Amino acid sequence: MLFTAQVVTTDEWEAEPSGPFSRTVPRFVVIHHTDNNNPPNDPSRGTIEGAKRLAKNIQIFHKRSRGWSDSGHNFLNTTGGFILEGRHGSLNAVKQGFCVLSAHALQDSLKLAGGNQSPGIENEGNFMTFEMGQAQWNSLVELCASLCESCAISPKNIRGHREFSNTDCPGDWLFKQLPRLRKAVADKLEMHIDLHELENNVAGQTLKVGSTGPEVIKLQKRLSERNFNPGPIDGLFGDGTRSAVILFQRSVGLEEDGIAGPQALRSLDLI
Ligand SMILES: [Zn+2]
């Protein structure tokens, strides 16, 4: 499947000109909410005209009030199920497997890195407790599937803004829906992913002796790149991998327990 989501471009909603921006290699899809009113008082009123007006208002807000050079996000998903390009160049970039550097998910201390290098989707509304309507949900699934496919991002890496920055975005309700969103995207792409791996706590995973799978391969490759020899890169966390983790932990001053927990994985740029 290629990028099939229908997106209203910046030209089509008559954005103020800006850019060009540097291209990045995305690792995540980042989910936000706009923190606007919900239906029936939603800014776009569920119409395409309203969606374009909202995109313009957000661009102006981000430029004038936030001091950013353009819309902070890459895509806007409105209550009517309309998807609009945010930062200039975003649509062309993702169709080619890249993203444009944006400003929606700055990394705060002890949070995930790579948010601004990855496509960020603003969902119109406040989803602390309010539940998203079906049209907006369907377009979100469609957009995420297109992004995962064209940029080779695993649905497991559809993440909430709060995982990158100190914020409650995208709201408690929407954050809790992320496992369901990942599942819907994986199903659409006909991928079979262990349901457990779709839960929200994947960033807190721990790899240790006995762990197996692609995450272990990534760990072994990264250790090897950093000259900590784990032995064969085979996806099996054995004594060789444990020794390499200990040497790495020693080199960066982490506790030398041979277990690759969140701190070690983050230090290795794996999460
Ligand atoms: Zn956000």
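Residues numbered from 1 in each chain as written. Predicted model: local features only at pLDDT ≥ 70, side-chain atom pairs only at ≥ 80, totals over all residues. Heavy atoms only, no water.

- If you look the protein chain up in an unreviewed UniProt entry, it shows as N-acetylmuramoyl-L-alanine amidase from Vasconcelosia minhoensis LEGE 07310.
- Checking UniProt for the protein chain, the heading Sequence similarities (unreviewed entry) contains the comment "Belongs to the N-acetylmuramoyl-L-alanine amidase 2 family." (UniProt positions renumbered as here; feature names shortened; annotations may be inferred.)

**With respect to the packing of aromatic side chains**
Here's step 1: On inspection of all chains with the given rule, the structure shows four aromatic pairs.
Here's step 2: Look at Phe28 and Phe164: their rings are 5.3 Å apart centre to centre, the planes differ by 75°, and that puts the pair in the edge-to-face class. Here the residue Phe28 occupies a position in the loop between strand 1 (23-24) and strand 2 (29-33), and Phe164 occupies one in the loop between strand 7 (158-160) and helix 4 (172-176), the gap between them amounting to 136 residues. With respect to class, Phe28 is no different from Phe164; both count as buried.
Here's step 3: Here the aromatic rings of Phe127 and Phe130 are separated by 6.3 Å at their centres, their planes lie at 45°, and the arrangement is tilted.
Here's step 4: You can call Phe130 partly exposed: its relative accessible area is 29%.
Here's step 5: Aromatic rings pair up to connect Phe127, Phe130 and Trp173 into one cluster.
Here's step 6: Cation over ring: Arg87 sits above Phe21, and NZ or CZ is 4.5 Å from the ring centre. (Phe/Tyr/Trp six-rings, centres within 6.5 Å; stacked < 30°, edge-to-face > 60°. Helix = DSSP H or I, 4+ residues; strand = E, 2+ residues; numbered from the N terminus. Buried < 20%, exposed > 50% of the residue type's maximum accessible area, 1.4 Å probe, protein only. Lys NZ or Arg CZ within 6 Å of the ring centre and 35° of its normal.)

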